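Spelled out, the chains give:
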Amino acid sequence: MGGTGMTAHVPTKPPEARSTGSEAAPTAAEVVGDGGSFRATVLGRLGRARSWIILGVLLGTAVLLGALAAGSGEREPLSPENPAPEGARAAAEVLGRSGVEVVRAESFDDAVGALQGPDDTLLLHDPNTWLSAEQLAALGGGLADRTVLVEPGLPALTELADGVRSAGVVPAEPDGPLEADCASPDARAAAEVSAGGFSYRGQGTCFPLPQDDGADPAGIFVTTPDETVAVLGHGAIMSNGLIDEHGNAALTLRVLGSTPTLVWYQPTAEDLAVTSGPVDPRSLLPGFVNPLMFWLLVTALIAILWRGRRLGPLVTEPLPVLVRSSETAAGRARLYQDAGAVAHAAETLRAATLNRLAAAVRIPPGSARSSVVEAAARRTAREFTDLDRLLNSYIPSSDAQLVQWSQELEKLEQEILRP
Amino acid sequence: MSVTGRLVLLALLGVVPVLLYPGPVSIALWAALLVLGSALDLLLAASPRAVGVQRQLPETVRLTEGTISTLTVRNHSRRSFRGWIREGWQPSAGAHNPVRHLSVPAGEGRSVSVQLVPRRRGDLRVHHVTIRSAGPLGLAARQLTIPAPGMLRVLPPFRSKRLLPSKLRRLRELDGRAAVQIRGAGTEFDSLRDYVRGDDVRSIDWRASARRRDTVVRTWRPERDRRVVIVLDTSRTSAARIEDEPRLDTGIEASLLLAVLAQRGGDRVDFLAFDRRQRARVQSAGKGNLLASLVTAMAPLDSELIEADFSRIPAQVRSISAHRSLVVLLTALDSGAVEEGLLPMLPSLISQHVVVVASVRDPHLDELRHRRGTAAETYRAAAAERALLDRAAIKDRIHRLGAEVVDEPPHELPSRLADLYIRLKAAGRL
């Protein structure tokens, strides 16, 4: 910007006391403001942006509602906060109301911490086997007074439930409920539970599978002899969907509600014991990097605002229509070529050349071709037959011939017009 | 409102506290500083609504010449104004410095000049002036666009003005020539002078010689006070661009040269721009500023995308001049349009007037017809030859009807048309 080099001081006069002076250039009236006010401008802008604002508010509300719905809805099966049929919120709520403090452990350390108190039950549901043997051993070391393993895998059985073995999946055929058929008071109280899940073998096997009537039957509920560890092979009986069937509720509440505190622990990927795996590179960065990045982003946004604001609206340019004059000729040429009009093009070239030659050798236009050819032959050293072929009789039949012939024609014309 | 580069710099400076005390607190504090500074600036900035703008603009300017639009900015508020002013000229006005930075103390005025070098003929407009008033800290600014319309008429350049002296000299040479050299129907008796050797003996005035002792000859001068009507076709064919110039602009150049020449030659000149209706009309206002009124009338002319209605031209010409006149039609000689429009109309015009048909010839066609290297080029040469043949045929037909034809490339046309006028005048055919 040129700066103040071209500014000049002008005596101020009130707009109405101006005299349109005797300058060469006429002066327009002074314009002050756009006739609006700050308020009107703001309101006008808002009014124009109304549809966008409404759209934004609707979108925001939808996103917010979705987030709220997603936040309350835990998707984890058997989670004490999941109200879906696979969740176990009903069981947790009932236990809570009957005086059991249900503590949900979010991590391994959390669970260990919660189990420090006296008289507590640990519910461990680890279908993905996130916990290592060491972690399981740490949980088992007399930490909990009672441990309930829901659908445990081999490591959990080895570490926590000595003497209980896995016996495979419960077949889908038996549609009826399983009967307690054991000495455990909890199982006897329930009498019948829904079939499904995994089966286990141990000393205190309850709810045996009907097909498996050997000496060592497999059942879905096994307790260790000292009754401190219970293995529940069918976790779904605790779920909201099945808890009201048969004696599911009785078994669940008795098994989980025997102590004042219940630690509900479902390990996640976060609990994976970190071995010498790859280190997260972000953790190696100094602490100021993230705030700095954020601030630079803010600065960039301000810079965008700075450069993005135009000094006044765009001005349109009414453009006149202009057409290249030779475009019709170019279009016609393409038509000739596409239609393969070799003969027609040749005839045009020949007629134009003959016209010019006739003018050059002073023969009136419109005379016979032969007379032009004769006159042309007199002007050059060429043979008459040669010229007659070129100017009169030869008709090219291909593009190549047309090009060659037209070049010969051009050469002849130059010979005669500029001798 | 808008923010300034200074705010961005200040934000960038916030990197230091963020580095020293990383965390949300430093970020929040610095952001609050920015917001507070901007808000203060917006509150303390001079209101752009209290800034008065007054434009001083010449009415006309010739194309290729520069001019200056002077804005007087008066600050009627009680605060000092610091900020930017932008004039919203359309791009072809060629504003070199449309954005100006200036500061105006309270109650005073300053003027800023915006240099304009228009790039197009016609009426160029400015719609608004945008005022951006920055606060004392220079972090944020208030912005307002106020409607301040203005118009600058850009006149055709009249480049062929440089040909005028030589043409005028040729015109003056016609004066005082012996009649025999320019004998024709309309030559007028001018004066008597002494016989010098070489004069045609047939021009000796015997009666006057008898009264005096010396031999006296009559001299003649070209006829004066004839009418010249220039009709410029503004229909679709005038939109064709030939050598970087639309046919319309070449026509304007040619009509300007002819009009000025004819006026100096003592004839009355009328101008008419026409397609289906009259687009511009300049009457011979006797002496004085014919050129000024012509360029002013021609400046806003634009090609209309419609077919010309030539059948109405005889009536238009009759309304301008009831007498025998020289009618110059500046149009296109493209086959098709001419056969249906111009040719049927010509006989009735020729029966009353001397008619000249002037048209711009495309030199590109001549280039095309010589290029015969490949098949595509040869076909193009054939198409060019076809166009030229058609053109020659049309010219021939117009000739046979009794009108003169000037068909020249753009830079030649004004000169050749002027030559034809001088020739017709010398021959006394006006």
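Residues numbered from 1 in each chain as written. Chains lettered and ligands numbered in written order. Predicted model: local features only at pLDDT ≥ 70, side-chain atom pairs only at ≥ 80, totals over all residues. Heavy atoms only, no water.

Chain A appears in an unreviewed UniProt entry as DUF4350 domain-containing protein from Arthrobacter subterraneus.

Novice: An account of the overall build of chain B is needed here, citing residue identities and associated values.
Specialist: A tally of regular secondary structure across chain B gives 13 helices and 20 strands. Scaling as 2.2 N^0.38, a compact globule of 430 residues should have a C-alpha radius of gyration of about 22 Å, whereas chain B reaches 33 Å, well beyond that. Split into buried and exposed, the 430 residues of chain B put 58% on the buried side. Sequence-distant contacts in chain B: of pairs separated by 6 or more residues, those separated by 24 or more amount to 72%. Charge-centre separation for chain B: the mean point of 66 positive side chains lies 6 Å from the mean point of 45 negative side chains. (Helix = DSSP H or I, 4+ residues; strand = E, 2+ residues; numbered from the N terminus. Rg over C-alpha atoms; globule rule 2.2 N^0.38 Å. Buried < 20%, exposed > 50% of the residue type's maximum accessible area, 1.4 Å probe, protein only. Contact = heavy atoms within 4.5 Å. Lys, Arg positive; Asp, Glu negative; His and termini not counted. Charge placed at Lys NZ, Arg CZ, Asp CG, Glu CD.)

Novice: Got a sec to walk through the interface of chain B and chain A? Specific residues and values, please.
Specialist: Contact with chain B, which involves 93 residues of that partner, is made by 80 residues of chain A. Interface area, chain B with chain A, both sides summed: about 7,400 Å², of which 62% is carbon and sulfur. Three residues, R49(B), R372(B) and Y379(B), lead the burial of chain B against chain A; their summed loss comes to 12% of the area buried on that side. Our count for the contact surface shared by chain B and chain A stands at five salt bridges. In this structure, R369(B) engages E413(A) in a salt bridge whose closest nitrogen and oxygen atoms are separated by 4.0 Å. Here chain B is connected to chain A by 26 residue pairs in polar contact (both at pLDDT 80 or more). Tallying contributions element by element places helix α12 (residues 375-401) of chain B first for the side of chain B that touches chain A, with 13 residues. In this structure, strand β14 (residues 323-324) of chain A lies alongside strand β14 (residues 240-242) of chain B, joined through two bridges in parallel fashion. Considered in β14(B), the bridge of V323(A) is made with A240(B). (Buried area = accessible area lost by both parts, 1.4 Å probe. Salt bridge = Lys/Arg side-chain N within 4 Å of Asp/Glu carboxyl O. Polar contact = N/O pair within 3.5 Å; in protein donor to acceptor, adjacent residues only side chain to side chain. Pairing = 2+ DSSP bridges.)

Novice: Outline the UniProt feature "transmembrane region" (unreviewed entry) in chain A, listing residues and values.
Specialist: As recorded in UniProt, the sites labelled "transmembrane region" (unreviewed entry) are residues 52-71 and 288-306 of chain A. Along residues 288-306 of chain A the backbone is 95% helical and 0% strand, and the end-to-end C-alpha distance reaches 27 Å. (UniProt positions renumbered as here; feature names shortened; annotations may be inferred.)

Novice: Hey, could you go over the environment of L256(A) for me, with residue numbers and the actual values?
Specialist: Residues and elements named next belong to chain A. By secondary structure assignment, the location of L256 is in helix α8 (residues 248-256). Exposure remark for L256: the relative accessible area of 1% places this residue in the buried category. Along the sequence, L256 and G87 sit 169 residues apart, while their C-alpha atoms lie 16 Å from each other. Non-local contacts of L256, meaning those with residues more than four positions away in its chain, are made with L95, T121, L123, V148, M238, L262 and W264.

Novice: Which residues make up the nonpolar core, and what values go with them?
Specialist: If you look at the biggest cluster of nonpolar residues, it comprises 50 residues, and the most contacted ones within it are F271(B), L326(B), L330(B), L417(B) and Y421(B). Top element by residues in this core is helix α6 (residues 247-264) of chain B. It accounts for 10 residues. (Core = buried A, V, L, I, M, F, W, Y, C linked by side-chain atoms within 4.5 Å.)

Novice: Describe the environment of E151(A), naming the residues involved and giving the relevant values.
Specialist: Residue and element names in this part refer to chain A. Mapped onto the fold, E151 is located in the loop between β5 (146-150) and α6 (154-160). Owing to a relative accessible area of 21%, E151 belongs among the partly exposed residues under this scheme. Linking E151 and G233, residues 82 residues apart in sequence, is a C-alpha distance of 4.6 Å. If we ignore the near neighbours within four places in the chain, the residues touching E151 are H125, F198, Y200, L232, G233, H234, G235 and A236. There is a polar contact of 2.9 Å between the side chain of E151 and the backbone nitrogen of G235.

Novice: So what's going on with the packing of helix α8 (residues 313-320) of chain B against helix α10 (residues 342-350) of chain B? Which residues, and what values?
Specialist: All names here are of chain B. Relative to each other, α8 and α10 sit at 30 degrees, their axes nearing to 9 Å. Looking at the two axes, α8 sits roughly parallel to α10. Contacts from I313, P314 and V317 in α8 reach M345, S348 and L349 in α10. A per-class count over the contact of α8 with α10 returns five nonpolar, one polar and no charged. (Axes fitted to C-alpha atoms, helices over the stretch in contact; angles between N-to-C directions. Parallel < 35°, antiparallel > 145°, perpendicular 65-115°, else oblique. Nonpolar A, V, L, I, M, F, W, Y, C, P; charged D, E, K, R; others polar.)

Novice: How would you explain the sheet that holds strand β18 (residues 325-330) of chain B if you had to name every residue and give the values?
Specialist: Pairing between the strands of a sheet comes from backbone hydrogen bonds, and it takes one of two forms, parallel or antiparallel. Residue and element names in this part refer to chain B. Within the open sheet, the six strands sit side by side as β17-β16-β13-β18-β19-β20. Their pairing is mixed. Here the strands that pair on one side only, and so sit at the sheet edges, are β17 (278-282) and β20 (404-408). Averaged over all adjacent pairs, the angle separating strand axes in this sheet is 15 degrees, with direction ignored. Strand direction decides the pairing type here: strand β19 (residues 354-360) and β20, joined by five bridges, are parallel.

Novice: I'd like a description of the pairing of strand β4 (residues 67-75) of chain B, backed by residues and values.
Specialist: Residues and elements named next belong to chain B. Of all nine residues that make up β4, eight are buried, and the element is covered over most of its length. Pairing of strand β2 (residues 51-56) with β4, which is carried by six bridges, proceeds in the antiparallel orientation. Note on β4: the bridge partner recorded for Q56 is T70. Where β4 meets strand β7 (residues 109-116), eight bridges bridge the pair, whose relative direction is antiparallel. Within the sheet, the bridge partner assigned to L71 lies in β7 and is V112.

Novice: Give me α12(B): which residues, what numbers.
Specialist: In this model, α12(B) (27 residues) spans 39 Å end to end at C-alpha, consistent with the 39 Å of a helix rising 1.5 Å per residue. Directly beyond the C-terminal end of α12(B), a positive phi value near 110 degrees is found at G402(B). (Expected span 1.5 Å × (residues − 1).)

Novice: Pulling in residues and values, what's your account of the packing of aromatic side chains?
Specialist: The geometry of an aromatic ring pair is captured by the separation of the ring centres together with the interplanar angle, meaning the angle of the planes. All names here are of chain A. On inspection of all chains with the given rule, the structure shows zero aromatic pairs over all chains. The ring of W306 is capped by R307, whose NZ or CZ atom sits 4.6 Å from the centre of that ring. Above the face of the Y394 ring, R389 is positioned so that its terminal group lies 4.9 Å from the ring centre. (Phe/Tyr/Trp six-rings, centres within 6.5 Å; stacked < 30°, edge-to-face > 60°. Lys NZ or Arg CZ within 6 Å of the ring centre and 35° of its normal.)

Novice: Report on the sheet that holds β14(B), specifying residues and quantitative values.
Specialist: Pairing is mixed across the open sheet formed by three strands, whose spatial order is β14(A)-β14(B)-β15(B). Only two strands of the sheet have a single partner each, and these edge strands are β14 of chain A together with β15 (245-246) of chain B. Here β14(B) runs beside β15(B); their pairing, made up of two bridges, is antiparallel. Bridge pairing in β15(B) links R241(B) to P246(B).

Novice: Go over the state of the cysteines, please, and point to the residues and values.
Specialist: All names here are of chain A. This model, assessed by the stated rule, comprises one disulfide over all chains. With a sulfur-sulfur separation of 1.9 Å, C182 is cross-linked through a disulfide to C206. Handedness of the C182-C206 disulfide follows from its S-S torsion of about 85 degrees: it is right-handed. Here C182, found in the loop between β7 (178-179) and α7 (185-190), pairs with C206, found in strand β10 (residues 204-208); they are 24 residues apart in sequence, far enough to count as distant. For the residue pair C182 and C206, the accessibility class agrees, reading buried in each case. (Disulfide = S-S within 2.5 Å.)

Novice: Would you mind going over unusual backbone geometry in detail, with residue names and values included?
Specialist: Positioned with a positive phi, L78(A) is a non-glycine residue whose angle comes to about 65 degrees. Mapped onto the fold, L78(A) is located in the loop between α2 (50-72) and α3 (89-97). On the basis of relative accessibility, which here comes to 6%, the residue L78(A) falls in the buried class. Of note in the backbone geometry, T64(B) takes a positive phi value of approximately 75 degrees without being a glycine. Positionally, T64(B) belongs in the loop between β3 (60-62) and β4.

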